[in-house]
Amino acid sequence: MTTYSENPAIEKAMQSVAAVVPKAEADPTRPVYHFRPPANWMNDPNGTIYHNGVYQLFYQHNPYGDDWGHMHWGHARSTDLVNWEHLSIALWPSLELGEDHCFSGCAWVNGDGEPTLVYTMVGQDRENPEQRFRPFEQWAAVGSADWMTWQKHPQNPILSLDTHGGPPFEGGWRDPFIFEAGGRTLLVLGGSYDDTASVALYECTDGSLVNWTYKGSLFEQPRSELDFQECPNFAKTTNPDGEEKWVLLTSPFKPVHYVVGTFDAESLQFTPETQGILDPGISQFTKEDGSPGISPNFYATNILYDERCILLGWVRGFEPGMGWNGCMALPRELSVGADGHPRQTPIAELQQLRGETYRVEDIALSETPHMLDVSGDTLEIEATFEVGVGIGLQVRRSDDGSRCVAIHYDGAELDVAGTKVAFALDDGELLKLHVFIDKSVMEVFVNDGRACVTRILDKAYADTAVDDLGVAVVGQGTARATNLHCWRLSSIY
Ligand code: FRU
């Protein structure tokens, strides 16, 4: 790891992280092939970009604890989206400028070829503590050619509520995301005013990435439906006919919401066609007042393009106190299916992690669990089923079967470790589950990415012990597992 000792704020933050590494490493529930910081807290992936053959990944990072606070931007890079090299922290709060947090944002290359980060600057409101934060501003930082060291831009704030030319957004107005359409450089920001949640659109015409003009709302919803749209991403994808489809993703304090449609880059009109929930995985918990709460397990997405459109997200909801908290979901290829809804599939590069393999074909299933001759908590499983009346796949199963993490399908509803999602098969269609288990994280892709559920294996759902490692299949009626293929996956650390 490279340290950046010329910046005392970064040096101090890096030392704080280094001191916690032994504690984080000692926790047996910490994922080993999902990206995560050396230690302490991470949330949203930020500034994800593929440039000159290198994938750059920044992320919301608290170097001072395994809970949210002191938002810095952690930094890593990769040449395959699987193995990551941790780098020096990139962005730090410039306390002397009134900045207490560097919130989420994006990376782009400006007209002079300089790496540029555009993000939300947040200052604590010390005069009115009940307000918590002063009005948010959008700031930029310019990087060295190797993307390693960053300077705050002299023109900051590059966008402020007083001068941005749009509605009087209140509360948070945040998470800039740059995209290109029809040769134009555009940016979206999440904001809300009155009863409206808005994805605000801006354009930069001089390549500077610091001069932006308000162009109206790309998308609006009543706040009663989508409260506040954090982390808007607007991604260009294609459907199986090769038609261009745009996917708007937002994180509205509940599972990530998608809207698929067409975008006219001339009139800047987005015409929605379908919408829904991208990944419904949630944990359930009891709030302090005794009422039930939910926490999305996949949240605050970001996008990058190589020859594909790659979707990244934050896996959240872990127990505090382990010296680490949060990881990134496995990178997914994002496209749109013939039905106009998104498809998410794990990237092929992940196959390099496959080690010992186990395969079995065509087993008739019954209520009595059929134990597979494979076990582990870092597994990839591809399983195809004739569903009959119902099928179940159990992982992290204890020897006596009293504990397990279960995926169950009854022909209409899929239950992934307690998260239920309606899922219909066509006549004669088989159910295909593609499951990744990484210690306390599970990601399940169904029928080539038609559904996707991320679950943290939280205690509220399944109190798994570290040595619960079994895998079993069950079924009712004429259910069969027509093909089961498992691999033990290796650690990337
Ligand atoms: C989403 C989010 C963003 C914000 C960041 C702060 O998880 O709340 O809206 O920029 O996290 O850490």
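Bear in mind the structure is a predicted one, so any value in this text is a computation, not a measurement.

When you tally the buried positions in strand S35 (residues 451–456), you get 6 out of 6 residues, the bulk of the element. Both faces of S35 are covered, namely the face carrying Ala451, Val453 and Arg455 and the face carrying Cys452, Thr454 and Ile456. Relative to S35, strand S34 (residues 441–446) runs antiparallel, the two being bridged by 6 bridges. Looking at S35, one finds that Val446 is bridged to Ala451. Between S34 and S35, which pair antiparallel and follow one another directly, the connecting turn spans 4 residues, one of which, Asn447, has a positive phi of 45 degrees.

What follows concerns the environment of Arg359. Considering the arrangement of structural elements, one finds Arg359 in strand S26 (residues 354–364). Taking the C-alpha atoms as reference points, Arg359 and Ala383, 24 residues apart in sequence, are found 9.9 Å from one another. Leave out the neighbours within four places in its chain, and Arg359 touches Asn483, Leu484 and His485. Within the structure, the side chain of Arg359 is placed 3.3 Å from the side chain of His485, a separation counted as a polar contact.

Attention now goes to the sheet that holds strand S37 (residues 480–489). Sheet architecture is open: 6 strands sit in the order S26-S37-S28-S33-S34-S35, paired in antiparallel fashion. The two strands at the open ends of the sheet, each matched to only one other strand, are S26 and S35. Averaged over all adjacent pairs, the angle separating strand axes in this sheet is 10 degrees, with direction ignored. Examined bridge by bridge, strand S28 (residues 378–386) and S37 share 8 bridges and lie antiparallel to one another. Residue Phe385 lies in a different strand from S37, and its bridge partner there is Ala481.

Attention now moves to the environment of Thr262. In this structure, Thr262 sits in strand S16 (residues 257–264). Residue Thr262 is classed as partly exposed on the basis of its relative accessible area of 29%. Separated by 205 residues in the primary sequence, Thr262 and Asp467 place their C-alpha atoms 49 Å from one another. Excluding residues that lie within four positions of it along the chain, Thr262 makes contacts with Glu244, Lys245, Trp246, Gln269, Phe270, Thr271 and Glu273.

Inspection of the region around the ligand gives 14 residues, with Asp44, Gln60, Arg174, Asp175 and Glu230 positioned closest. Within the side chain of Asp44, an N or O atom sits 2.8 Å from an oxygen atom of the ligand. Interatomic distance of 2.9 Å between a side-chain N/O atom of Trp68 and an oxygen atom of the ligand. Taken by itself the ligand offers 320 Å² of open surface, and the protein chains cover 92% of this. With respect to the pocket detection grid, the ligand is positioned in the largest pocket.

The next thing to look at is the sheet that holds strand S32 (residues 419–422). Taken together, 6 strands build an open sheet; the order of strands is S27-S36-S29-S30-S31-S32 and the sheet is antiparallel. Here the strands that pair on one side only, and so sit at the sheet edges, are strand S27 (370–375) and S32. Direction aside, neighbouring strands of the sheet carry axes that sit 15 degrees apart on average. Note: strand S29 (residues 390–397) against strand S30 (residues 405–409), 5 bridges, orientation antiparallel. For Gly392, the partnering residue across the bridge sits in S30 and is His408.

This part takes up empty space enclosed by the protein. Considering all chains together, one arrives at 2 cavities of 30 Å³ or more under this definition. Of the voids in this model, the largest cavity is the one considered here, and its volume is about 70 Å³. If you go around the largest cavity, you meet 14 residues; those closest to its centre are Gly105, Asp175, Pro176, Cys231 and Asn302. At the level of secondary structure, the elements contributing two or more residues to the lining of the largest cavity comprise strand S1 (40–51), strand S5 (101–109), strand S10 (170–181), strand S14 (230–238) and strand S20 (298–305).

Attention shifts here to the layout of surface pockets. Estimated volume of the largest pocket: approximately 480 Å³. Taken together, 22 residues line the largest pocket, and the ones lying closest to its centre are Trp68, Phe103, Arg174, Glu230 and Phe253. Listed by contribution, the elements that provide at least two residues to the lining of the largest pocket are S1, S5, S10, S14, strand S19 (292–296) and S20. Its residues placed into classes, the lining of the largest pocket shows 12 nonpolar, 4 polar and 6 charged.

So, on to the pairing of S29. Judged by how many residues are buried, S29 sits mostly within the fold: 8 of 8 residues are covered. As defined by bridge partners, S29 adjoins strand S36 (residues 470–476) across 6 bridges and the pair is classed as antiparallel. Residue Gly390 lies in a different strand from S36, and its bridge partner there is Gln476.

Thresholds, definitions, all that
- Residues numbered from 1 in each chain as written.
- Predicted model: local features only at pLDDT ≥ 70, side-chain atom pairs only at ≥ 80, totals over all residues.
- Heavy atoms only, no water.
- Buried < 20%, exposed > 50% of the residue type's maximum accessible area, 1.4 Å probe, protein only.
- Helix = DSSP H or I, 4+ residues; strand = E, 2+ residues; numbered from the N terminus.
- Pairing = 2+ DSSP bridges.
- Contact = heavy atoms within 4.5 Å.
- Polar contact = N/O pair within 3.5 Å; in protein donor to acceptor, adjacent residues only side chain to side chain.
- Axes fitted to C-alpha atoms, helices over the stretch in contact; angles between N-to-C directions.
- Near = heavy atom within 4 Å.
- Areas by Shrake-Rupley, 256 points an atom, 1.4 Å probe, with all protein chains shown as cover.
- 1 Å grid on protein atoms, 1.4 Å probe; cavity = no way out; pocket = protein on both sides within 12 Å on 5 of 7 lines; lining within 4 Å.
- Sits in = over half its atoms within 2 Å of the grid points.
- Points joined across faces, edges and corners; volume = space filled by probe spheres on them.
- Nonpolar A, V, L, I, M, F, W, Y, C, P; charged D, E, K, R; others polar.

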